[in-house]
Amino acid sequence: MNYVPGTASLIDDIDKKHLVLLRDGRTLIGYLRSIDQFANLVFHQTVERIHVGKKFGDIPRGIFIVRGENVVLLGEIDVDKPCDTVLQQVSIEEILEEQRLQQQAKQETEKVKMQVLKDRGLSIPKADNLDEY
């Protein structure tokens, strides 16, 4: 196998199933159909996989275009390897409800943390106010 620099090295991966982790934390699984010099990716038969605890759910997304700068990780999935996961697949509605509950719990924890810091005379600027500094 010859070394090919840059995104051209992904030419051999076209039409294979891949998992891509995006900068915003989403996980997509689909067949890589196209790539360009900026590492922009086009996926076909894409699903968005949501993990909460030991459960996961897949939301069908169809054709999905990913801008190259948003890719954190890209890996080929071996479709011939048997799946030996301990995760339980659940319905879309159930995983979305689990995700909502997890986010609520995280927000409550953050609220308590902020209150404790405030009681001690400390403050942390909110993410939306960071542009002002």
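With an unreviewed UniProt entry as reference, the protein chain is termed U6 snRNA-associated Sm-like protein LSm1, source organism Lates japonicus. Its UniProt record gives the protein chain a comment under Sequence similarities (unreviewed entry), which states: "Belongs to the snRNP Sm proteins family." Annotation of the protein chain in UniProt includes, under Subunit (unreviewed entry), the sentence "Interacts with SLBP; interaction with SLBP occurs when histone mRNA is being rapidly degraded during the S phase. LSm subunits form a heteromer with a donut shape."

In this sheet, strand β4 (residues 55-66) lies alongside strand β3 (residues 41-52) in antiparallel orientation, the contact comprising 10 bridges. Note that in β4 the partner of E48 across the bridge is I59. The antiparallel pairing of β3 with β4 creates a hairpin that spans 2 residues between the two strands, and G53 there sits at a positive phi of about 60°. Bridge count between β4 and strand β6 (residues 88-89): 2 bridges; the pairing is parallel. Residue pairing in the sheet places F56 in a bridge with Q89 of β6.

We now examine the sheet that holds strand β2 (residues 27-35). Within a sheet, each strand pairs with its neighbour through backbone hydrogen bonds, oriented either parallel or antiparallel. Read from one edge of the open sheet, 6 strands run β5-β1-β2-β3-β4-β6, paired in mixed fashion. The open sheet terminates on both sides in strands that have one partner only, identified here as β5 (71-76) and β6. Across the sheet, helix α1 (residues 92-119) is in contact with β3 and β4; its angle to β4 comes to roughly 100°.

Here strand β1 (residues 17-22) shows a buried face lined by H18, V20 and L22 and an unburied face lined by K17, L19 and L21. Bridge count between β1 and β5: 5 bridges; the pairing is antiparallel. Each bridged residue has a counterpart across the sheet, and for L21 the counterpart in β5 is L73.

Right, let's get into the UniProt feature "domain: Sm" (unreviewed entry) in the protein chain. In this structure's numbering, the residues bearing the UniProt feature "domain: Sm" (unreviewed entry) are residues 5-80. Secondary structure over residues 5-80 splits into 0% helix and 59% strand, and the C-alpha atoms at its two ends are 28 Å apart.

A few words now on the pattern of salt bridges. A side chain with one charge may pair with a side chain of the opposite charge, provided their charged atoms come close. If you walk through the whole model with that rule in mind, you get 9 salt bridges. Of the charged contacts in the structure, one is a salt bridge between E98 and K55, with a shortest N-O distance of 3.3 Å. Of this pair, E98 sits in helix α1 while K55 sits in strand β4, placing them 43 residues apart in sequence. Notably, a salt bridge pairs R67 with E69, separated by 3.2 Å at the nearest N-O pair. Residue R67 shares its accessibility class with E69, and that shared class is exposed. Through salt bridges with shared partners, a single ionic network connects K55, E94 and E98.

Below, the discussion takes up unusual backbone geometry. Positive phi, close to 65°, is recorded for A39, a residue that is not glycine. As for its placement among the helices and strands, A39 is situated in the loop between β2 and β3. Residue Q45 is not a glycine yet carries a positive backbone phi of 55°. Counting through the fold element by element, Q45 comes out in strand β3.

Listed in full, the 10 residues of the largest apolar core are L10, V20, L22, L28, L32, I35, L41, F43, F64 and V66. Sorting the residues of this core by element identifies β1, β2, β3 and β4 as the ones contributing at least two each. With 3 residues, the single largest contributor to this core is β2. Among residues more than four places away in sequence, those in contact with F64 are R26, L28, L41, V42, F43 and T46. Core analysis: the second largest hydrophobic core is formed by 5 residues, I50, V52, V90 and I95 among them.

Here is what the cut-offs are and how they apply
- Residues numbered from 1 in each chain as written.
- Predicted model: local features only at pLDDT ≥ 70, side-chain atom pairs only at ≥ 80, totals over all residues.
- Heavy atoms only, no water.
- UniProt positions renumbered as here; feature names shortened; annotations may be inferred.
- Pairing = 2+ DSSP bridges.
- Helix = DSSP H or I, 4+ residues; strand = E, 2+ residues; numbered from the N terminus.
- Contact = heavy atoms within 4.5 Å.
- Axes fitted to C-alpha atoms, helices over the stretch in contact; angles between N-to-C directions.
- Buried < 20%, exposed > 50% of the residue type's maximum accessible area, 1.4 Å probe, protein only.
- Salt bridge = Lys/Arg side-chain N within 4 Å of Asp/Glu carboxyl O.
- Core = buried A, V, L, I, M, F, W, Y, C linked by side-chain atoms within 4.5 Å.

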